[in-house]
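The lines below spell out each chain.
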Amino acid sequence: MNYRHGYHAGNFADVMKHVLLTRILAHLLKKDAAFRVIDTHAGIGLHDLDGEEAQRTGEWRDGIGRLEEPFGDDVEALLAPYRQAISAVRATNPAGYPGSPMITRLMLRRQDRAIVVERHPEDAARLAALFLRDRQVKALELDGWTALNAMIPPKERRGLVLIDPPFEEVGELARLGREMLKAQSKWETGIFAGWYPIKDPADADRFADDLATGSRTGTLRLELMIETRIDPARLNGSGLVVINPPWKLAEEAEILLPALAKRLARDSRAGFRCEWLREG
Ligand code: SAM
């Protein structure tokens, strides 16, 4: 396990994933009934962009670093929960950047719960320290895939599973697809969001085909490309597949993704995708 998210915190892929995370949570917040979030590959929860890892790559400069200027009103309205999460963290550390566990925590109401799972012992310890004595967030040092199987369906009928693996192992993308489909069949009302890197777009297409064939419910493929000259050795784009998406998510992605693609692109023809792999 060599992957450390600290090097990539706040990069373009984090921005895309975290903005969409806040949109899914914003929809869950529309009903009073409690929900649960299960974050299977959680990381440390909170990053310091002035810290050694983030400074070494500087990736955040082409991610969150490019979001200083406001967008148009329609985009800003949808970005509001993401911007609020960042402001909340920056109130105590101006160089702070929230990971998925902290973004989730900041959006929970008293009735909602989260389980955040991390396998790397050092990262899991930092995550546990962040949520020490928090009665709504349980941080666990575990294998995220095992945890996912053990923890669904939760007692709340509503909620989200975020699966954000490091893609260090061969076959992890195919595994993501299989595990998402299996989990959805165990928790039919749950929302499942799986993040994937886009290096060689053919791999992303294969993954999407598997989901299109296997899914029994609405499945949305969202992608942000920052590069049109594809180099399979580099991260050219970022994807999020959402099974059972909230019904407005596609419409919102059609507004957010082009704006983010334009702002975060490395070249002028970068783009986005918002496509139903299967209609709900
Ligand atoms: N979700 C985080 C966020 O958005 O802020 C970032 C997560 S990062 C992409 C992936 C994390 O998964 C790393 O912290 C890594 O240590 C952890 N990890 C790797 N293999 C794992 C496994 N089998 N189970 C749980 N966590 C794992």
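Scroll up to find the structure.
Residues numbered from 1 in each chain as written. Predicted model: local features only at pLDDT ≥ 70, side-chain atom pairs only at ≥ 80, totals over all residues. Heavy atoms only, no water.

**Re the side chain of Ser-215**
Considering the arrangement of structural elements, one finds Ser-215 in the loop between α8 (201-214) and β8 (219-225). Polar side-chain contacts of Ser-215 include one of 2.9 Å to the backbone oxygen of Thr-217. Setting aside anything within four residues of it in sequence, one finds Ser-215 in contact with Leu-181, Ile-243 and Arg-278. (Helix = DSSP H or I, 4+ residues; strand = E, 2+ residues; numbered from the N terminus. Polar contact = N/O pair within 3.5 Å; in protein donor to acceptor, adjacent residues only side chain to side chain. Contact = heavy atoms within 4.5 Å.)

**Side note on the site of the ligand**
Near the ligand lie 20 residues; those nearest to it are His-18, Glu-118, Asp-143, Gly-144 and Asp-164. Between the ligand and His-41, the relevant distance is 2.9 Å, taken from a nitrogen atom to a main-chain nitrogen or oxygen of the residue. In this structure, a nitrogen atom belonging to the ligand sits 2.7 Å away from a main-chain N or O atom of Gly-144. Summarising the interface, the protein chains cover 97% of the accessible area of the ligand, which totals 600 Å² for the free molecule. Here the residues of the shell around the ligand sort into 5 nonpolar, 9 polar and 6 charged. (Near = heavy atom within 4 Å. Areas by Shrake-Rupley, 256 points an atom, 1.4 Å probe, with all protein chains shown as cover. Nonpolar A, V, L, I, M, F, W, Y, C, P; charged D, E, K, R; others polar.)

**What about the nonpolar core?**
Formed by 57 residues in total, the largest nonpolar core has its most connected members in Ile-64, Tyr-82, Leu-160 and Leu-222. Counting residues per element, this core draws most heavily on helix α1 (residues 12-28), which supplies 11 residues. If we skip the residues at most four places from it in the chain, Leu-222 touches Met-16, Leu-20, Tyr-196, Ser-238, Gly-239, Leu-240, Val-242, Leu-249, Ala-253, Leu-257, Arg-273 and Cys-274. Ile-163, Phe-192, Ala-204 and Met-225 belong to the second-largest nonpolar core, a separate cluster that totals 26 residues. (Core = buried A, V, L, I, M, F, W, Y, C linked by side-chain atoms within 4.5 Å. Buried < 20%, exposed > 50% of the residue type's maximum accessible area, 1.4 Å probe, protein only.)

**Some details on the sheet that holds strand β9 (residues 237-243)**
Strand order across the open sheet formed by 8 strands is β5-β4-β1-β6-β7-β9-β8-β10, with mixed pairing between neighbours. Edge positions in the sheet fall to β5 (137-141) and β10 (272-278), since each has one partner strand and no second. Averaged over all pairs of adjacent strands, the angle between their axes in this sheet comes to 15 degrees, without regard to strand direction. Alignment of strand β4 (residues 113-118) against β5, held across 5 bridges, turns out to be parallel. Residue pairing across strands places Val-117 opposite Leu-140, the latter belonging to β5. Along the sheet, helix α4 (residues 100-107) contacts β1 (35-39), β4, β5 and β6 (158-163); its crossing angle with β1, the most-contacted strand, is approximately 170 degrees. (Pairing = 2+ DSSP bridges. Axes fitted to C-alpha atoms, helices over the stretch in contact; angles between N-to-C directions.)

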